[in-house]
Amino acid sequence: MNELPQQLVNGLLLGSMYGLVAIGYTMVYGIVQLINFAHGEIFMTGAFGALTVYAYVLPDGTSIWIALPLMLVGAIIVAVLVAVGAERFAYRPLRTAPRLAPLITAIGLSLALQQAVWAWYPEAKSARTFPTIPGGPFNIGNVTIQTGDIFLVVVAPLSMAFLAYFVMRTRTGRGMQATAQDPDTAKLMGVNTDRIIVIAFALGAAFAAVGGVAYGLKYGQIDFKMGFLLGLKAFTAAVLGGIGNIYGAMLGGLVLGVAEALSTAYISDIPGMSQFGSQSWADVWAFVLLILVLLFRPQGLLGERVADRA
């Protein structure tokens, strides 16, 4: 029990990262009913965009405190360009096609982005060292927070607050809600639905890029395959919270992160279950949680916010 506060904090930090990526899944699905399985790779390209700024744009020896804002800008620019390009050239031509076509396209795009980074970023063939924040760790009672988590502690709440304000208080945000509810009626009311869809892809990519930078700072390295499993977990978080519900995406991420941390810490203490408490089994328990939620509450924790367009 003495470890419980630490494990809860670990889970909340991990879940915040899942939530940042899950927002992109749920925004795109809520508006165009597309499961963008390439979103995990957008998270990955954002991380490599940040590393490129640090390694090849900034002078050697630049302080991480000066470099970090520029790395964040670079990550967001790269991720947004990739996401907007994918929407324009891969998904928009298939908008009226059967749903299976864009789904297969998303899977193909995911593999293509992995191979593009692998081919054009020579050092990506193995894990690349990511710059970290010096100092720490910081102790608050029985809880220890690593320096790499400080960035996540700050940006995750700020990102969620910005998104809530944008969606609820701005004209574009209201246009996104209208498009998600009924795109044809929204278009008749003067909403440029193509522009709204592009903005949804761009916003989701920006949050994924923030998550990519947080991942690099937390673990100290990145690689071209990092987006696959984390993207699946972020999609799981979106489903847990209620697909199409942006608040549910963050809640689902937090629940998933806490469940993963607690399962890793405590399942091995159960007699006969020691082999199921390793870190490798944490991924399994995450999907077990998803199955249970789908069985007992298929609409997710906060419920779906997707109009029935059948």
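Given the structure is predicted, the values throughout are model-derived calculations rather than measurements.

Further remarks concern the overall build of the chain. When its secondary structure is counted, the chain shows 11 helices and 4 strands. The C-alpha atoms of the chain give a radius of gyration of 19 Å, which matches the 19 Å a tight globule of 310 residues would have. Its C-alpha atoms give the chain principal-axis dimensions of roughly 60 × 55 × 35 Å. Surface summary for the chain: the accessible area is close to 14700 Å², and the carbon and sulfur share equals 66%. Charged side chains in the chain number 17 positive and 15 negative. The centres of these two groups are separated by 10 Å.

Moving on: the packing of helix α2 (residues 39-57) against helix α8 (residues 193-219). Running from amino to carboxyl end, α2 crosses α8 at an angle of 60 degrees, the nearest separation of the two axes being 7 Å. In terms of their interaxial angle, α2 and α8 are classed as oblique. Between α2 and α8 the crossing geometry is right-handed. Taking contact as the criterion, the partners of H39, I42, F43, G46, A47 and A50 in α2 are, on α8, G204, A205, A208, A209, G211, G212, V213 and Y215. Each residue belonging to the contact of α2 with α8 can be placed in one class, and the counts come to 9 nonpolar, 5 polar and no charged.

Mapped onto the elements, T179 comes out in helix α6 (residues 171-181). Polar contacts involving the side chain of T179 include one to the main-chain carbonyl oxygen of G175, which spans 2.8 Å.

Taken as a whole, this structure holds 6 aromatic pairs when the rule is applied. Taking NZ or CZ as reference, R88 lies 5.6 Å from the ring centre of F89, over its face. Between K218 and the ring centre of Y219, over which it is positioned, the NZ or CZ distance is 5.7 Å.

Let us now look at the pattern of salt bridges. This model, assessed by the stated rule, comprises 5 salt bridges. With a shortest N-O distance of 3.0 Å, E87 and R92 are connected by a salt bridge. A residue is classified by how much of its surface remains accessible, and E87, at 1% relative accessible area, is buried. E87 is the partner of R95 in a salt bridge, and the nearest nitrogen-oxygen pair spans 2.6 Å. Given a relative accessible area of 35%, R95 falls into the partly exposed group.

On to unusual backbone geometry. Phi is positive for Q33, close to 55 degrees, though the residue is something other than glycine. Along the polypeptide, Q33 turns up in the loop between α1 (4-32) and α2.

Bringing the environment of R99 into the picture now. Inspection of the secondary structure assignment puts R99 in the loop between α3 (64-91) and α4 (100-120). Residue class for R99 comes out exposed when judged on its relative accessible area of 59%. Polar contacts involving the side chain of R99 include one to the side chain of Q33, which spans 2.8 Å.

Right, let's talk about the side chain of H39 for a bit. Checked against the element boundaries, H39 lands in helix α2. Contacts of H39, omitting those with residues within four sequence positions, involve V21, G24, Y25, G204, A205 and A208.

Below, the discussion takes up a nonpolar patch on the surface. Residues F138, I150, V153, V154 and L158 make up a contiguous nonpolar surface patch of about 430 Å² in total accessible area. Assignment of secondary structure puts L158 in helix α5 (residues 147-169).

This part is about α2. In this model, α2 (19 residues) spans 26 Å end to end at C-alpha, consistent with the 27 Å of a helix rising 1.5 Å per residue. In terms of residue burial, α2 counts as a mostly covered element, since 14 of its 19 residues are buried.

Cut-offs used in this document
Residues numbered from 1 in each chain as written. Predicted model: local features only at pLDDT ≥ 70, side-chain atom pairs only at ≥ 80, totals over all residues. Heavy atoms only, no water. Helix = DSSP H or I, 4+ residues; strand = E, 2+ residues; numbered from the N terminus. Rg over C-alpha atoms; globule rule 2.2 N^0.38 Å. Areas by Shrake-Rupley, 256 points an atom, 1.4 Å probe, with all protein chains shown as cover. Lys, Arg positive; Asp, Glu negative; His and termini not counted. Charge placed at Lys NZ, Arg CZ, Asp CG, Glu CD. Axes fitted to C-alpha atoms, helices over the stretch in contact; angles between N-to-C directions. Parallel < 35°, antiparallel > 145°, perpendicular 65-115°, else oblique. Left-handed = near helix turned anticlockwise from the far one by under 90°. Contact = heavy atoms within 4.5 Å. Nonpolar A, V, L, I, M, F, W, Y, C, P; charged D, E, K, R; others polar. Polar contact = N/O pair within 3.5 Å; in protein donor to acceptor, adjacent residues only side chain to side chain. Phe/Tyr/Trp six-rings, centres within 6.5 Å; stacked < 30°, edge-to-face > 60°. Lys NZ or Arg CZ within 6 Å of the ring centre and 35° of its normal. Salt bridge = Lys/Arg side-chain N within 4 Å of Asp/Glu carboxyl O. Buried < 20%, exposed > 50% of the residue type's maximum accessible area, 1.4 Å probe, protein only. Patch = residues over 30% accessible without salt bridge, like charges linked within 9 Å, V, L, I, M, F, W, Y side chains within 5 Å. Expected span 1.5 Å × (residues − 1).

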